[in-house]
Structures are given as structure tokens and as C-alpha cells.
Amino acid sequence: MVSGGQWSLWPLSISTQKLYCLVIEKNLRKAAKRMYDLTGKHVCYVADCGGIALETSKVLMTKNIAKLAILQSVENPPAIAQLQSIKHSTQIFFWTFDVTMAREEMKKYFDEVMVQMDYIDVLINGATLCDERNIDATINTNLTGMMNTVATVLPYMDRKMGGSGGLIVNVTSVIGLDPSPVFCAYSASKFGVIGFTRSLADPLYYTQNGVAVMAVCCGPTKVFVDRELTAFLEYGQSFADRLRRAPCQSTAVCGQNIVNAIERSENGQIWIADKGGLESVCLHWYWHMADQFVNYMQSTDDEDQEFFLGQR
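A quick note: this is a predicted structure, and the numbers were derived from the prediction, not measured.

**Student:** Would you mind going over the pairing of strand 1 (residues 42-46) with me for this structure?
**Tutor:** Two faces make up the sheet, and in a regular strand the side chains alternate between them. The element strand 1 is largely enclosed, with a buried count of five among its five residues. What you see with strand 1 is no split at all: His42, Cys44 and Val46 on one side and Val43 and Tyr45 on the other are buried throughout. Of the pairings in the sheet, the one linking strand 1 to strand 2 (residues 67-72) comprises five bridges and is parallel in character. When the sheet's bridge partners are listed, valine 43 is paired in strand 2 with leucine 68. At this point the chain moves from strand 1, through helix 2 (residues 51-61), to the parallel strand 2, and the crossover so formed is right-handed. Across four bridges, the pairing between strand 1 and strand 4 (residues 122-125) is parallel.

In C-alpha cells:
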């Protein structure tokens, strides 16, 4: 169940981090009992309707959602028909959408989306590209496009702007948690997704807009490793070639666990969906603010004046 079960994400002491992890584990146990109910929800999925996105959408269709909007770069009528056959009463809408477009153009698309959807309960960002020869396209698809999508959709969901709150799910990769010496640009973009997710999940925002933010980091999955992959540097190409034959989870299993993570959602939670299972990540802070800086950031305007007078 979506909740605000975390403190502000300002850097914490090591002892506080351990306590924080215990609190998260406790919240997750509670969430497992409550479960975020997808029944009747309006879901918007930004990703090509194939692979992980298609399998995730199949599971969503079994959860009695009311509406599903799919924004994809390439039309896929057979996939849409397959989804509709699962649940005829769920309304499905789809648009051809370029996640790398300017935010002004995105706004026009989502104005049209909102006419059909009325509102969005869950936004899933799943567009992804691994092309180490085209760094700009990789970063723009995986990170910049995702951030622009979130920035465009948030006003429709923000409680203070007439929305009903909701949940944003960023589907990313385990090499956004740990580095990859082979897919350096892809890994960097996925690290950015984690940083953006954690920043936007801070209670500074959630307590006001009512929009929870979480991420699911997928491990090696068939649809990814089946592609022809190029390493960032030629020294890693033999590994990239070997990866295509490596045993890894199916897209169906990964899609099921993405939905499982949504149903167990906690604001700011990062999940790993790999090896057929789902694991929560205990977040870590490396930088700790000076006490003077903390006191200043937590002070009021009147206290600020006293603080600076006291420095003279």
C-alpha cells in the first residue's frame, strides 16, 4: 500500500540508516497485509508494448483495472488485441509516442490522454534503450525522457492542483544500483533513474502532492539479452556477446514481479526483480551533512536571522 513510510532523504548517520532499514522492513510487512488495490484504477504505461511492458500489462489486465493507456514508439495492434482479450471490460487506449520529444509536445499528448483517461492513478515509465554507440539516445530515452514524462504528468496527479494523488513507477535496471563495465552509458542512465526516484520520493513532495514514487530494478531478462548488444569499449564485447546465451529470467516472470512490487508499494521504495523473485533494497547514504548545515536547513526565516546575527 502506498504510504509515506520514510523520513526526508537528507543524508543520515550510519546508525540512523540501520534504523531506517528496519522501519522500511516493518512497513513492507504491513504493506504485504494491506496491498495496493489495483481494482478500478486508471493506469498509464509509457513503453513499447512488447517484452517486459507487454507481460506487465497482461498481469495488470487480470487485476480489474478500469482503464489502461499505452504510449508506445511503434504501433503494435496484435499486442493491444491480446491485452483486450484478457479483460473486455477494461478500456484500452494507445498513442504513438516519442519519449524523447520536448516537454511542450508531451503536454499536448497528455492533454489528449487525460480526455480519455479522466485521471491517472498509476504512471509506469518503462521506455528503455541500450545503445552504447549512441550515448545521446540512450540517455534521452532512459533518463531525460522519463524525467520529462514525470514532470509533464505530475500536475495532473498532484492533489494541490486538482488531482487525486497516485503512484509513479520507474522500471529500471539492477545496473542502476551497481555499475556495469560493459554497458557504461546504459548503467549511467539507470543510476540517474534511481537518483531521480529517490529525490522525488522525499516527503518534501509526497506530503504535499500525494504522489508516491518507487522504482523496480529488473535483473537480466530474456528480451534484453536476446538483442545484439555492443559494449561501451571493445574490451567488453566478448562479455556482451556471451550475455546473449546466458540463462536469465523470462519477461513473464519479470512482469509479474513488477506488478507484485506495485501492489506492495511504499513511497521511495526500490525493488529488485530478478531470478524469479522480488527483493527490497535498503538504501544507503554516503554523505553526511555538517550539524551547522542541518540546523540552518531546518530553521525558520526568523531563526535564520538570529543564526546569521550570531555568526558576527
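Now that the structure has been shown, the text picks up again.
**Student:** For this particular structure, what's the right way to read the packing of helix 2 against helix 3 (residues 77-86)?
**Tutor:** Packed helices, taken two at a time, are described by their axes: the angle between them and the distance between them. Two numbers describe how helix 2 lies on helix 3: the axes approach to 9 Å, and their chain directions differ by 20 degrees. As the angle between them shows, helix 2 and helix 3 are arranged roughly parallel. In this structure, the crossing between helix 2 and helix 3 has a hand that is right-handed. Residues Leu54, Ser57, Lys58 and Met61 of helix 2 form the contact with helix 3, whose participating residues are Ala79, Gln82, Leu83, Gln84 and Ile86.

**Student:** Would you explain helix 2 in this entry?
**Tutor:** In an α-helix, one turn spans 3.6 residues; hence positions three or four apart end up facing the same way. Extensive coverage of helix 2 is indicated by the burial of ten of its eleven residues. Along helix 2, the residues that are buried comprise Ile52, Ala53, Leu54, Glu55, Thr56, Ser57, Lys58, Val59, Leu60 and Met61.

**Student:** Would you take a moment to explain the packing of aromatic side chains for this structure?
**Tutor:** One pass over the full model with this rule turns up three aromatic pairs. Measuring from centroid to centroid gives 5.8 Å for phenylalanine 97 and phenylalanine 110, while their planes differ by 75 degrees, and the two rings are edge-to-face. Taken together, the residues span a long stretch of sequence, with phenylalanine 97 in the loop between strand 3 (91-96) and helix 4 (103-117) and phenylalanine 110 in helix 4 at a distance of 13 residues. Accessibility assignment for this pair places phenylalanine 97 and phenylalanine 110 in one class, buried.

Parameters and conventions
Here, residues in each chain are numbered from 1, in the same order as that chain's written sequence. pLDDT decides what is reported in this predicted model: residues at 70 or higher carry local features, side-chain atom pairs at 80 or more are listed and counted, and totals for whole chains, interfaces and linings draw on all residues regardless. Water and hydrogen atoms were dropped before computing side-chain values, which therefore reflect all heavy atoms in the structure. Relative accessibility decides the category of a residue: with a 1.4 Å probe and only protein chains considered, values under 20% of the type maximum give buried, values over 50% give exposed, and everything between is partly exposed. For the purposes of this entry, the term helix denotes a DSSP run of H or I that reaches at least four residues, the term strand denotes a run of E that reaches at least two, and both are numbered from the N terminus. Strand pairing is defined by DSSP finding a minimum of two bridges between the two strands. A right-handed crossover is one whose linking path, passing over the helix from the first strand to the second, runs clockwise when the strands point away from the viewer. Helix axes are fitted to C-alpha atoms over the stretch in contact, other axes to C-alpha atoms as well, and angles between N-to-C directions run from 0 to 180 degrees. An angle below 35 degrees is read as roughly parallel, one above 145 as roughly antiparallel, one from 65 to 115 as roughly perpendicular, and any other as oblique. Left-handed describes a crossing whose near helix is turned anticlockwise from the far helix by less than a right angle; the clockwise case is right-handed. Contacts are residue-level and defined by heavy atoms, with any inter-residue pair within 4.5 Å sufficient. Only the six-membered ring of Trp is used, alongside the rings of Phe and Tyr, when aromatic pairs are assigned; centres must lie within 6.5 Å, and planes under 30 degrees apart are stacked while those over 60 apart are edge-to-face, with the rest tilted.

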